[in-house]
Every structure is written in C-alpha cells, then in structure tokens.
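# Summary of structural features
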Amino acid sequence: MKAIEIDINLQQIKSDLFFEKEIEVIVARLDLIHPLISGNKIFKLHYFIEDAKRKNKKTIVTQGGAFSNHLVATANYCHSNGLKSIGLVRGELAEKASHTISACEEAKMDIFFVDRGAYPEINEQNFTAYIPNHLNDQLDQYYFIPEGGFDELGAAGASIIFEKISKATPPTHIITAIGTATTIAGLIKNCHTNIEIIGIPVLKGMKDIENRLAKLLPYQAYKSPALFYDYHFGGYAKNNHLLLDFMNEFYKEFHIPTDFVYTGKMMFGTIDLIKKNHFPPGSRIICLHTGGLQGNLSLPNNTLVF
Ligand SMILES: *Cc1c(COP(=O)(O)O)cnc(C)c1O
C-alpha cells in the first residue's frame, strides 16, 4: 500500500448544531486506512520509505515513546515493505508491557530502551550509538527517521493528504491535531488558496510551532495556520471525564471512534469553535481523523463505549 494510491473517505456528519450554524462538517477518515499504520502516519512515512529503498537501505531506525502511534505505524509499514525496523523507545524496560510495544514486536521491530536523560539527544548523526553492539555490524544499512517523521520529507508526505482532500469540493477550513506539527506543515505546504488551516496542539504550552513550521518548510512562503491552544486537557496524553464523555457522546451520535490523545481533543475543539461561531455560515470544514485508535488500549477497560 502506497500513500499516493490511498483513497481518503470523506464522511459528512450532520447534527442540529451544524444545521443551525449553516455549516457542513466532514470527517476525513484516515483512521480507516489501516488498523496499525493508521491515519497521518502512512503519509508522513511515504517519502522516507521511498528514499530508503532508493538508497538500498535494509533497516529503518526510528524513535518514540512507549505509546507512540508513530512506532507502531513504522514497524508495520516497514514489515509490509520488506524492510527491517528498529525502535529506540524512551524510558525503561518496565514500559515493555504497553500494547504499543507488543504491537511493534509483532511486526518484528527490534526494540531498545533509551533512558529519559539520553533520549532527547538522539539524532540522525548519533543514533547508531543507541543500538546495542551485536546489531552494529550493518551500520551502512540503517536509515533514520526522526520521531513523528519531523523532517522535510515527513511534511512533504503529509502534503499528499491536502492534495487528496482539497480537490473534489474544496473546503473552507481544514482542522488537525498537532503533535510534532509535521502534519499541519504538510497541509499548509501547498495551500495557495484561502482555505484556513487550523491546528489544535495536544501538548500543553507548545510555544515553538512557528519555529517548527519554518524548519519543516524551508525556502518557501506559506500562510501560517490558525492555532487554538485551549484543548490540550492538561497536556500530552492527559485526559479527564469531560474529554472521555465527549468521545463517548460523539461516538453515539456519529458512530465515529476517536482517540484520547489526538482526535478526541481535535473534535472537541472543533465543536467548541463551532459553538463559539468561529466558522461563518456557508463554511465547509474538514476535520482530519488522523487515526491513532490503538492508543485507547492504554485506558482502563470500559472507559469508552466503542
Ligand atoms: C501522530 C499523530 C498526530 C500528530 O501528528 P504530527 O504530524 O506529529 O503533528 C495526530 N493524530 C494522531 C492520531 C497521531 O497518531
């Protein structure tokens, strides 16, 4: 499966609220693409994998936390492309128990834990130092992908999402959750119309989004996205009853499952902005369902109705 060949399902959802505000709301169901290579990840990985193959690399090395959607997606995407993969995971062996890590291992990813102090220092130049010696015999076979695909190639891959969803009936707004900001960089990269691109950061106090965009989109002009900072629910992977109840209600009304780290917060923010009249009548809003549903497995049983 190649990112460029994927069809994105655009699902319009209807409610009294949207009717009253005279707007259309469409969910781009990237979550339906693949259960484990879900959402935005397959697009962000696309050009890296192409580049690695072209350079005859055999093993992809990447990094992430113990609950990282990026890790699972990379493990599975590599496996289905005949590439080996290595995951450098933040934290200690105790976190091995996570569903995410098990899913990576099922896709034959070799996992190595890197302690929290050293983890932020991992980069393209030094990453081999974190791979235990017995694997170091093939250093020139390794290809490094930064966490979350945070790189120009990742943003270029994410721009395929924009190409696909902005064509048929052009939206007035596209809204996405922000983690590393690679996906939103892809959305603004080739957006030369007046579509408003909106980002909902899921980390608390993210102050460097503009810097991140400048790094992801060097040497090019782009229109900055609109950013709404009030929907992080306490920070990355933090949640509370307000969010979880919202996700359950959203599922009951529209039969669309969301995840508590990204898309639940993005949809909560969207509905709140609709209520606060951010979107003028006639707006056609596309919400990116970026996937990530495997992350819900870390919640206690029966927290969610889906
Ligand atoms: C990784 C992820 C994001 C964040 O994407 P960035 O490109 O890092 O901003 C959003 N939603 C889901 C479901 C994800 O897994």
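Since this is a predicted model, take the numbers as computed values, not measurements. (Residues numbered from 1 in each chain as written. Predicted model: local features only at pLDDT ≥ 70, side-chain atom pairs only at ≥ 80, totals over all residues. Heavy atoms only, no water.)

## Re the packing of aromatic side chains
For the coordinates displayed, the defined rule picks out ten aromatic pairs. Arranged with centres 5.0 Å apart and planes meeting at 85°, the rings of Phe233 and Phe268 form a pair that is edge-to-face. Of the two residues, Phe233 is situated in the loop between strand S9 (226-227) and helix H8 (241-254) and Phe268 in helix H9 (residues 263-275); the sequence distance between them amounts to 35 residues. By relative accessible area, which is 17% here, Phe268 ends up buried. Ring centres 5.2 Å apart and planes at 70° place the aromatic pair Phe246 and Phe268 in the edge-to-face group. Of the two residues, Phe246 sits in helix H8 while Phe268 sits in helix H9, which places them 22 residues apart along the sequence. Across the pair, Phe268 and Phe246 agree in class, each one buried. These aromatic residues form a ring-pair network of at least three members: Phe18, Tyr231, Phe233, Phe246, Phe250, Phe254 and Phe268. (Phe/Tyr/Trp six-rings, centres within 6.5 Å; stacked < 30°, edge-to-face > 60°. Helix = DSSP H or I, 4+ residues; strand = E, 2+ residues; numbered from the N terminus. Buried < 20%, exposed > 50% of the residue type's maximum accessible area, 1.4 Å probe, protein only.)

## Considering the site of the ligand
In the vicinity of the ligand lie 14 residues, with Lys41, Asn69, Thr180, Thr183 and Thr290 positioned nearest. Between the ligand and the protein, one listed contact pairs an oxygen atom with a side-chain N or O atom of Lys41 at 2.6 Å. The separation between an oxygen atom of the ligand and a polar main-chain atom of Thr182 is 3.4 Å. Burial of the ligand by the protein amounts to 97% of the accessible area it has alone, namely 380 Å². Among the secondary structure elements, those contributing two or more residues to the shell around the ligand are helix H2 (40-54) and helix H6 (182-189). If one sorts the elements of the shell around the ligand by residue count, H2 sits on top with three residues. (Near = heavy atom within 4 Å. Polar contact = N/O pair within 3.5 Å; in protein donor to acceptor, adjacent residues only side chain to side chain. Areas by Shrake-Rupley, 256 points an atom, 1.4 Å probe, with all protein chains shown as cover.)

Everything listed here is a matter of coordinates, which is why it stays silent on function.
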